[in-house]
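The residues making up each chain are set out below.
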Amino acid sequence: MFSSSAQIANTPHNLSKTGPKPIKAVSETEICVFCHIPHNEREGTPLWNRKMPTTIYTLYNSEFISRIGYPDPMQPSEIEGQPGIVSRQCLSCHDGTVAIGAVYIVRGTELGNSIIQMQNVNPDGTMPSTSAGYIGTDLSVHHPVAVEYNPDVRKNFSQGAKTSELKRPFPDPPIKLYTYAGKRYVECTSCHDPHKENKKFLRVDVGNLAKDFKQTCISCHDKPGWNGSAHDVQTAVYTDPDVIQRYGEGSPVSVADLGCGNCHTPHRAGGTPLLRKFEEMTCFKGASSSTSTAPCHGTGGAKDIQSLLPPNNLYGHPVAEASTAGIHSPLDFLYGFGSTETDPASGKTIKFSDSKHAECVDCHNPHSVKPGTHAPQNQWYPSVASADGNNVSNPLTGIYGVEPVWGALWTQPSQFQTLASAAKEYQICMKCHSRWALGDSPNGDCTSSFVSDQDGIVLTDQSCEFSPNNKSAHPVVMPLNQMTGNYEPKSLSPDQLKPPWNSNPGNQTMYCSDCHGNDSETVNPKGPHGSQARYMLKGPNKNWPADENGRLYKVGDIFGTSSDGGTTDGLFCVNCHNLENAEVHRFKGSGMMGGGMGGGGMGRRFADFPCVYCHVAVPHGSPVSRLIGYSNFPQPYNYNGNSLKLDGFVKNNFLRKWDAYSNSFTCRCHRMGGGMGGGNYDPNPYP
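A brief structural summary.

## Let's talk about the overall build of the protein chain
Then step 1. Counting its secondary structure elements, the protein chain contains 16 helices and 19 strands.
Then step 2. Seen along its three principal axes, the alpha-carbon backbone of the protein chain occupies a region of about 115 × 45 × 40 Å.
Then step 3. Evaluated residue by residue, the protein chain yields a buried proportion of 53% over its 687 residues.
Then step 4. A fraction of 60% describes how many contacts in the protein chain between residues 6 or more apart in sequence connect residues 24 or more apart.
Then step 5. For the protein chain, the accessible area works out to roughly 29,100 Å², and carbon and sulfur atoms hold 53% of it.
Then step 6. One way to put it: in the protein chain the 57 positive side-chain charges average out to a point 3 Å from where the 62 negative ones average out.

Right under this line is the structure:
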């Protein structure tokens, strides 16, 4: 007993009158007596002298534990040989129900109903709730105790699995497990040694509290991708004086120093699972009391995302909006429309019908996210376009995804595969922007029953729009030359595209975030967080299909021949496309009147045709080639419901006037084509 007494003399566990902290005895000089007695001990071990709490605790639980099938924590027991007995001993002081001085024997004398008189405690002798060591009876906001340590639990997905992510077969020393009935359990003293003279009594002792904290967590928790991740190596430091004093013990504290402790706390969590603060505020503030003193993602932080999100911007993912608070839960993506799984937690899902939300961790895995984006710093787009140009980038590493089982032309997929780790960016986006979250289309096509809260536009199913069985699509899912529904010529020619897309077109893919992103990705953090531009369109030009004044862009704007003097300034498409080199816009050499569609002479009227006379207003994909739409297409593909004019189209290497057909008198040139090419027209899914 002497050895332990010597170690704890300078710690809060010295409850004698010589103790260094406010809670201490009025006159009792013995140190060990508050917990131990050499003879006649009661329940508890070793040689336990304290009265045990009879509390029924509110236990830690989470939807993640239920969904992965991990054993629930057990009620800490009062009986030796059962899980939780050691933790209940600790709680006999820390839960605030038993007087600090409530011991059985002092120097051979049983106290009975008497207690050792203490200073700075409640009138009944219990620990005040304002004390740093107070735990209380609600254990749901603290690291679970009396919980089995089981690294073998796993939840299988369509591809891959989520495990309990615990080191096997045991934690790293000096973390300690307790064996009951052949199973190993975590108790308070798995992490804490009540006799150790260091901050927070942590068994791990590798430096200051920040480093001890981090090493304690990773001694048990084996998170895939953690080593070398941003939160493992980032050297940006906190300027919050409380963080510096508490965790750095007066020295600077970096993100790397604190590691897990930037986001998680084992006690008094503000969110689940054991988050310091509620949902995204953890990402914004970390361990700090304010965003400006944290090297995190809040306003004024090292990588400020908060300022980009709505309501700070008109458009974006509603991460910080109160209407979506408290909806996200771990593994919610498993339970989309068409899922055959039963949710054991009966919790929130990915479905817009009752669980519409967007949180940081829907797109980012904080345990494996790494620095660097697919587009270099100060560039809007990648330097090179390639066949694997849709692979997840460093910030998206290790996040869940879904892969559609592609349906027929312009048809929603009926099934999805769930992925433990998305390989492609679109697999992350389609967790929400597809039938998996949106449900069945009311029209049997790619539209949904939901409308955007931000611009009032009908939301569409992008797993339907980007299907390789459609006639055309941007190459988000696969290169155009591999699209089964596409036919020759499958891709545009190099002279119709700008770098990097003009290199080997037809054999390249792209990100969703090559089109959608922040207002100024050459300055701000990259990614589709928020924007003042509608649809979060990004790049030097951000307008489609109309300019900032609502004027529709026209064919003649490309050549400066529209009657109202319009130009392509601001037109989103010109970020990537050389429109003036698209032969269809001029009918070069086709025998058209005057200078052709965009030219002068008798063809001038064609110069005033808006782009959306021919092209769908949601240019993800189309059942018609070249993102053409037919006049009976619904909104939002048919802009304002009445813009599209064509009723037939066939793609050829060299456009002829009969390759497009219209029933509208607006398109006289295409009416002249009659039915000459009708047998080859792309099918219309809206007969």
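## Things to note about the pairing of strand 13 (residues 447–451)
Then step 1. Pairing of strand 13 with strand 14 (residues 458–460) involves two bridges; the strand directions are antiparallel. The partner of Thr-447 across the bridge, within strand 14, is Thr-460.
Then step 2. Count of turn residues in the strand 13/strand 14 antiparallel hairpin: six residues, of which Gly-456 carries a positive phi of about 75°.

## With respect to a positive patch on the surface
Then step 1. Together, Lys-21, Lys-199, Lys-200, Arg-246 and Arg-268 make up a positively charged patch on the protein surface.
Then step 2. With respect to the element layout, Lys-21 can be found in the loop between helix 1 (2–8) and strand 1 (24–25).

## Things to note about the state of the cysteines
Then step 1. Scanning the entire structure with this criterion turns up one disulfide.
Then step 2. Covalent S-S linkage joins Cys-446 and Cys-464, the inter-sulfur distance amounting to 1.8 Å. A torsion of -60° about the S-S bond marks the disulfide between Cys-446 and Cys-464 as left-handed. Highlighted residues: Cys-446 in the loop between helix 13 (435–438) and strand 13 and Cys-464 in helix 14 (residues 462–465), separated in sequence by 18 residues. Taken individually, Cys-446 and Cys-464 each receive the classification buried, so the pair is uniform in this respect.
Then step 3. In this model Cys-93 remains outside any disulfide bridge; the closest cysteine sulfur is found in Cys-35, 6.1 Å from its own.
Then step 4. A disulfide-free cysteine, Cys-614 has its sulfur positioned 6.0 Å from the sulfur of Cys-667, the nearest such atom.

## So, the side chain of Ser-434
Then step 1. On the secondary structure map, Ser-434 appears in the loop between helix 12 (425–429) and helix 13.
Then step 2. From its side chain, Ser-434 meets the backbone oxygen of Met-430 in a polar contact 2.5 Å long.
Then step 3. Those residues in contact with Ser-434, other than ones at most four positions away along the chain, are Phe-416, Gly-439, Asp-461, Gln-462 and Ser-463.

## Comments concerning the nonpolar core
Then step 1. Core analysis: the biggest nonpolar cluster contains 46 residues, and Phe-157, Phe-333, Trp-501 and Trp-544 have the highest contact counts within it.
Then step 2. At three residues, the largest contribution of residues to this core is made by helix 13.
Then step 3. Apart from residues lying up to four places away in sequence, Trp-501 is in contact with Tyr-381, Pro-382, Ala-385, Gln-508, Thr-509, Met-510, Asp-514 and Cys-576.

## Topic: helix 5 (residues 209–220)
Note: α-helices contain 3.6 residues per turn, so residues at a spacing of three or four share the same orientation.
Then step 1. Taking 1.5 Å per residue, twelve residues should reach 16 Å; helix 5 reaches 17 Å between its end C-alpha atoms and fits that length.
Then step 2. Within helix 5, ten of the twelve residues are buried, leaving the element largely enclosed by the surrounding structure.
Then step 3. Of the positions making up helix 5, those classed as buried are Leu-209, Ala-210, Asp-212, Phe-213, Lys-214, Thr-216, Cys-217, Ile-218, Ser-219 and Cys-220.
Then step 4. On its buried face, helix 5 is in contact with helix 4 (188–191), helix 6 (230–233), helix 7 (241–247) and helix 8 (255–258).

## Notes on unusual backbone geometry
Then step 1. A cis geometry characterises the amide bond from Glu-488 onward to Pro-489, with omega recorded as -5°.
Then step 2. Checked against the element boundaries, Pro-489 lands in the loop between strand 15 (472–473) and strand 16 (530–531).
Then step 3. Residue Pro-500 is bonded to the preceding Pro-499 through a cis peptide linkage, with omega at 0°.
Then step 4. Here Pro-500 is to be found in the loop between strand 15 and strand 16.
Then step 5. The phi torsion at Arg-107 lies on the positive side, around 50°, for a residue other than glycine.
Then step 6. Position of Arg-107 relative to the elements: it lies in the loop between strand 2 (105–106) and strand 3 (109–110).
Then step 7. A positive phi angle is found at Ala-146, which is not glycine, with a value near 55°.
Then step 8. Relative to the assigned elements, Ala-146 resides in the loop between strand 4 (118–119) and strand 5 (147–148).

## Considerations on the packing of aromatic side chains
Then step 1. This structure, assessed with the given rule, holds 14 aromatic pairs.
Then step 2. Plain terms: the ring middles of Phe-352 and Phe-450 are 5.6 Å apart, the flat faces sit at 70° to each other, and that makes the pair edge-to-face. Of this pair, Phe-352 sits in helix 10 (residues 352–355) while Phe-450 sits in strand 13, and the two are 98 residues apart along the sequence.
Then step 3. Between Phe-609 and Tyr-613, the aromatic rings sit 5.2 Å apart at their centres with planes inclined by 55°, giving tilted as the arrangement.

## Overview of the environment of Leu-331
Then step 1. Relative to the elements of secondary structure, Leu-331 occurs in the loop between strand 10 (315–316) and helix 10.
Then step 2. Exposure remark for Leu-331: the relative accessible area of 3% places this residue in the buried category.
Then step 3. Once the C-alpha coordinates of Leu-331 and Leu-409 are considered, the two residues, 78 residues apart in sequence, prove to be 31 Å apart.

Parameters and conventions
Residues numbered from 1 in each chain as written. Predicted model: local features only at pLDDT ≥ 70, side-chain atom pairs only at ≥ 80, totals over all residues. Heavy atoms only, no water. Helix = DSSP H or I, 4+ residues; strand = E, 2+ residues; numbered from the N terminus. Buried < 20%, exposed > 50% of the residue type's maximum accessible area, 1.4 Å probe, protein only. Contact = heavy atoms within 4.5 Å. Areas by Shrake-Rupley, 256 points an atom, 1.4 Å probe, with all protein chains shown as cover. Lys, Arg positive; Asp, Glu negative; His and termini not counted. Charge placed at Lys NZ, Arg CZ, Asp CG, Glu CD. Pairing = 2+ DSSP bridges. Patch = residues over 30% accessible without salt bridge, like charges linked within 9 Å, V, L, I, M, F, W, Y side chains within 5 Å. Salt bridge = Lys/Arg side-chain N within 4 Å of Asp/Glu carboxyl O. Disulfide = S-S within 2.5 Å. Polar contact = N/O pair within 3.5 Å; in protein donor to acceptor, adjacent residues only side chain to side chain. Core = buried A, V, L, I, M, F, W, Y, C linked by side-chain atoms within 4.5 Å. Expected span 1.5 Å × (residues − 1). Phe/Tyr/Trp six-rings, centres within 6.5 Å; stacked < 30°, edge-to-face > 60°.

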